Each structure stands twice: as structure tokens, then as C-alpha cells.
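Residues per chain, in single letters:
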Amino acid sequence: MTKVIEVRDIWQSYDDLEVLKGISFDVNEGEVKVVFGPSGSGKSTLLRVINMLTPPDRGEVLLRGESITDPNANLSKLRARIGFVFQNFNLFAHLRAIDNVSIGPRLVLGLDKEEAHEIAFQALEKVRMNDWSHHYPAELSGGQQQRIGIARSIAMSPDVILFDEPTSALDPELIGEVLQVMLDIAKEGTTMIVVTHEMGFARAVSDEMIFMDHGVIVETGTPQHFFQNPQSERAIDFLHKLEVLYGQAEAEIELE
Amino acid sequence: MTLALTLLSLAIGFVVGILLAFMRVYGPIELQLIANGYEKIFRGIPLLVLLFIFGAALLSSFMWVGSLFGALFLAGVLALALRSAAYQSELFRGSIMSVDTGQIMAARSMGMTEMQATRHIVLPQALRLSLPGWTNEYAVVIKDSSLVSAIGVSEILYNASAFFITYPALFLGIILVVAIIYFIFTYPVTKYGGESMKKRLRQHGLGGGQ
């Protein structure tokens, strides 16, 4: 198995507050990793470090063996190969859905307008937003906006897509449509790192789950491991809290 | 002449204003200080005083402009434009800063360079956001261009004064006509800026009230 992402001993602090304290893990080709843990555990910071939106204090991140944390790295080139889906969607407000998706292939990958449109349209089809391609973000629901956010990442054909709590800004009835799209692309073999508390999603597609607390990886394992036999006190406690909030972590989302 | 003064001043003010705004938002500290100083100075001096300063300065070396009239006209344009640039830079700075940082992060995360993100994501939105304020700046400049009559440039008010000096009894009538002319030139622009833009901005999710 080829390693797509290697995270090597990442340390990061804001002022006196240590957010990440020596995080290391690998992500293989086609793997889906779910990162979860209490808020403030450093999950979102970790994702931002991986594509260098937040440069780490120490440590190294490799993308297919190439260091992205190297000060001499061509950041724009490497970032183009790492998709990022934001909690708050962050769509470009002045662009229609189709242009939100095609602007990356056009400006960053250097495709001409027609090719970029073609790719963007295919990406919108994948997230079932092709009927909405001429709408502005402000005219769409949160779930629709997030699906366009996902299409924007897919269109770049990245090596890996990072999801930063993609459903936590959504109303409950809109979460399903976004998770379904994520399931679809996971099934196609997309390499993904997903920060989420959607345990149903984790159970359905994740190859490995990483439980973080206070800036360290406390426990890792398969979904079965976590749902049947979690070892650490903190993981047991946190999973219990999630259960109280959302009910049993059933595979509520059906794989088609 | 009033329109020429206004449009020229606004155009120069626009270019200089955007440059200043960029210096203040993206520039190194030295450029920020220069731009801030410029803005404070030109916002702190009354237009009439600026007009006299530029008038005197250009008249003292008016040879290179070609004529007395040219020198005075240029002084009028410079005073209006450079003052407007200070206000416009404040306007653009505000709208550049109010573009959602999340969108800039999204642009960078997909591999856009800082230049590309600024050119394709920040600027188009900032310019749209600044349009309502910019129509206000147009109204201010066209009205303040009447002050240029004080240094003898023959814009509307200056021409009107030639009439009421000849017919002092008609002063109120003439000045009312002048007022109406200014109103006609400002109303369509401020109305468009106020209403139509509000609708379009809302569509783009850029605010704009109810």
C-alpha cells in the first residue's frame, strides 16, 4: 500500500496553549480515517497543519513522500493535491455554483475554460447538484452549499480530501444528504481524513478511527474496536456522551 | 466643466485610492505608514484650503501646464482627486477587510497563490461591496466641485455667478436653478446605488440590508 499522507511528530501551540503534542499517523491509498474527540482536542488544527493553512511549530507532513512542511516546498502546487472541505462551506459568494467548482481547475490546474467547465459539471453531478449549477451560494441551503464545497474539492482530483466537521454547521435534516455524498466518494476509493462526530458514517466507511484528546492521539482502532471494546477511559467516556446525545452508533446511513 | 472635473477627480481618486488601500491592507509596515499618513492628512484639511494650496503651487510654475486656465483646472482636479483618494482608500480598505477570511482560506487551500486569491476572490467582492459607498463619494465630489469656483475655474457655480453679478435681483432664482442641476446629476446615481445595488448584493450574500 502506498502512503498518501504521513504525519510525523507534529507539535503546535498558540501562545502558551499546546494544541498538538506529537501527533503521528499514516494514511494509505484509498483509506478513510475518521478523527474524533472532544472540542479543543486539536482535530481541526491537525487538518489545517496537514495542508499548511497552519504551519506547525515542529514536525513534518509528507504527501506521497514529498514534504509539504519543508520551507522550500511549493505550497500552492502541493495544496492543489489536497482537497479541503470546511465546516462553514466557505464557498466564493460572488460566483455561481459551477464557477465555484471550475475556478480551481482553471486557475490552479491551468485548464482552459471549457475543460474546466466539463470537469466542474461532472463533479456537480457526483454530488447531485447539477440542476443548481447556475445558483449563487446565498440562494442554496446549507446542505446544498456543502455538497458544492465537496464538488469543489473533487474537481481538483486531489490525492486526499480533508473534511473539517463537514456536517456540524448543518440543520439535522440536511446532514443526511451530505453524508450520503461522502459515502459515495469514499466507496469510489477516495482517500479521506474526516473530522466528525457522525459515528454512523464512521462505522459505515472508516478503515481506522483516531481518538484525540488534549492534543494527543489517545487511542486508534477499527470502528468495531471502538464500538465494542474501547480501551481508554477517555474514549469510553466520550463515546458514552455521544451516545447520550445522538443515540446508539448504528449504521443509520445505508450503503447503496 | 463640472462633469469633467468630477469624473476626472473620481477616476484619479479611484486609482490612487485602490493603491492606498492595497498598501494599507497588504503592504509592509513602511507602506502602511505612508498610506495612513496620506489618508489622515488629506482627510484633515478643508477642500477650500487644498484648492488654494494647489492653485498657488501650480500658478507659481504654471509654465509647464501651458496656460493660466490649465493650471487652475489642474489644481482643481488635483485637490478634488487627492482628497477623494483618501476617502476612497478608506472605503476600499473597509470592503477588502470585510471579505470573508474563510473564502480566502478556501482559495489558498485549493492551491491559489495569494495574488490569484486577491485578484479572483477578494477584489471582485470588495469592489461590489464598496459600490454603495462609492456612489456616495460621487455625490460628494460632484457637489464639492462647486468649491473650485473659488479659484476661478468656470464650472456651474462660477458661470452662475457671472449671471447674478449682472442681475443681482435674480440671485435666488439662478441659485435655485444651480441647485436643481446638481440634484439632477446626483439623484440617478445615488438612487441606483441605494436600491438596485442592494438587491444584487443580497443575491451574492454580501449583505445589503432588507
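Starting afresh in each chain, residues are numbered from 1 along the sequence in its written order. Here every chain gets a letter starting at A, and every ligand a number starting at 1, in the order they are written. Whole-chain, interface and lining totals are the exception, using all residues; otherwise, since this is a predicted model, local features are given only for residues with pLDDT of at least 70 and side-chain atom pairs are given and counted only at 80 or more. Side-chain metrics rest on all non-hydrogen atoms present in the structure, leaving aside hydrogens and water.

The next thing to look at is the packing of aromatic side chains. Residue and element names in this part refer to chain B. Whether two aromatic rings pair depends on their centres lying within 6.5 Å, for rings of Phe, Tyr and Trp, where Trp uses its six-membered ring; planes under 30 degrees apart make the pair stacked, over 60 edge-to-face, and the rest tilted. Using the criterion set out here, one finds eleven aromatic pairs over all chains in the structure. Ring geometry for Tyr-38 against Phe-42: centres 4.5 Å apart, planes inclined by 25°, an arrangement best described as stacked. Within this pair, Tyr-38 and its partner Phe-42 are both found in helix α2 (residues 29–44), separated by four residues, close to a single helical turn. Across this residue pair, the class does not change: Tyr-38 and Phe-42 are buried. Strands here are runs of E lasting at least two residues and helices are runs of H or I lasting at least four, both read from the DSSP assignment and numbered beginning at the N terminus. The buried label goes to any residue with under 20% of its type's maximum accessible area, the exposed label to any with over 50%, and the partly exposed label to all in between, with areas taken from a 1.4 Å probe on protein chains only.

Bringing the side chain of Ser-102 of chain A into the picture now. Its place among the elements puts Ser-102 of chain A in helix α3 (residues 97–107). A contact between two residues is defined here by any heavy atoms of the two lying within 4.5 Å. With residues near it in sequence (within four places) discarded, Ser-102 of chain A still touches Ala-116, His-117 and Ala-120 of chain A.

Let's shift gears to the packing of helix α1 (residues 2–26) of chain B against helix α4 (residues 68–97) of chain B. All names here are of chain B. Orientation of α1 relative to α4, taken along the N-to-C sense of each, is 40°, at an axis distance of 5 Å. The pairing of α1 with α4 is recorded here as oblique in orientation. Crossing of α1 over α4 shows right-handed handedness. The residue classification treats Ala, Val, Leu, Ile, Met, Phe, Trp, Tyr, Cys and Pro as nonpolar and Asp, Glu, Lys and Arg as charged. All others, Gly included, are polar. For the contact of α1 with α4, the residue count by class is 21 nonpolar, seven polar and three charged. To obtain an axis, a line is fitted to C-alpha atoms, over the contacting stretch when the element is a helix, and the angle between two such axes runs from 0 to 180 degrees between their N-to-C directions. Angle categories: roughly parallel below 35 degrees, roughly antiparallel above 145, roughly perpendicular from 65 to 115, and oblique for all the rest. Each crossing gets its handedness from the near helix: less than a right angle anticlockwise from the far helix is left-handed, clockwise is right-handed.

Further remarks concern the interface of chain A and chain B. The partner chain B presents 23 residues to the 23 residues of chain A that form the contact. Buried area, as used here, totals the accessible surface that two parts lose on assembly, with accessibility defined by a 1.4 Å probe and the loss added over both. Summed over both sides, the interface between chain A and chain B buries roughly 2000 Å², with carbon and sulfur atoms accounting for 64% of that surface. Three residues stand out in chain A for area buried against chain B, namely Phe-92, His-94 and Leu-107 of chain A, and they jointly supply 30% of the buried area on that side. Within this document, salt bridges are pairs made up of a side-chain nitrogen of Lys or Arg and a carboxyl oxygen of Asp or Glu, the two lying within 4 Å of each other. The tally of links between chain A and chain B comes to zero salt bridges. Think of a polar contact as two N or O atoms within 3.5 Å of one another; within protein, one of them needs to be a possible hydrogen donor and the other a possible acceptor, and neighboring residues in sequence only count if both atoms come from side chains. At the boundary of chain A with chain B, the tally comes to five residue pairs in polar contact (both at pLDDT 80 or more). Of all the secondary structure elements, the ones that give two or more residues to the side of chain A that touches chain B are α2 (75–79), β6 (82–85) and α3 of chain A. A total of three residues in the side of chain A that touches chain B trace back to one element, the largest contributor, which is α3 of chain A.

Before going further, it helps to spend a moment on the sheet that holds strand β7 (residues 160–164) of chain A. All names here are of chain A. Within the open sheet, the six strands sit side by side as β6-β7-β8-β3-β9-β10. Their pairing is mixed. The open sheet terminates on both sides in strands that have one partner only, identified here as β6 and β10 (216–221). Sheet twist, expressed as the average angle between the axes of neighbouring strands with direction ignored, equals 20°. Only strands that DSSP links by at least two bridges are regarded as paired with each other. In the sheet, strand β3 (residues 32–36) pairs with strand β8 (residues 192–195) via four bridges, with the strands oriented parallel. Residue pairing for β8: Val-32 is matched across the bridge by Met-192. Against the sheet, helix α1 (residues 43–50) engages β3, β6, β7, β8 and β9 (208–213), with an angle of about 150° to β7.

A few words now on the sheet that holds strand β2 (residues 17–28) of chain A. Residue and element names in this part refer to chain A. What the four strands build is an open sheet, ordered β2-β1-β4-β5; its pairing is antiparallel. The open sheet is flanked by β2 and β5 (66–67), the only strands paired with a single partner. Direction of pairing for strand β1 (residues 3–14) relative to β2: antiparallel, over a ladder of nine bridges. For Tyr-14, the partnering residue across the bridge sits in β2 and is Leu-17. Its contacts with the sheet place α1 against β1, β2 and β4 (58–63), and it is angled at close to 60° to β2.

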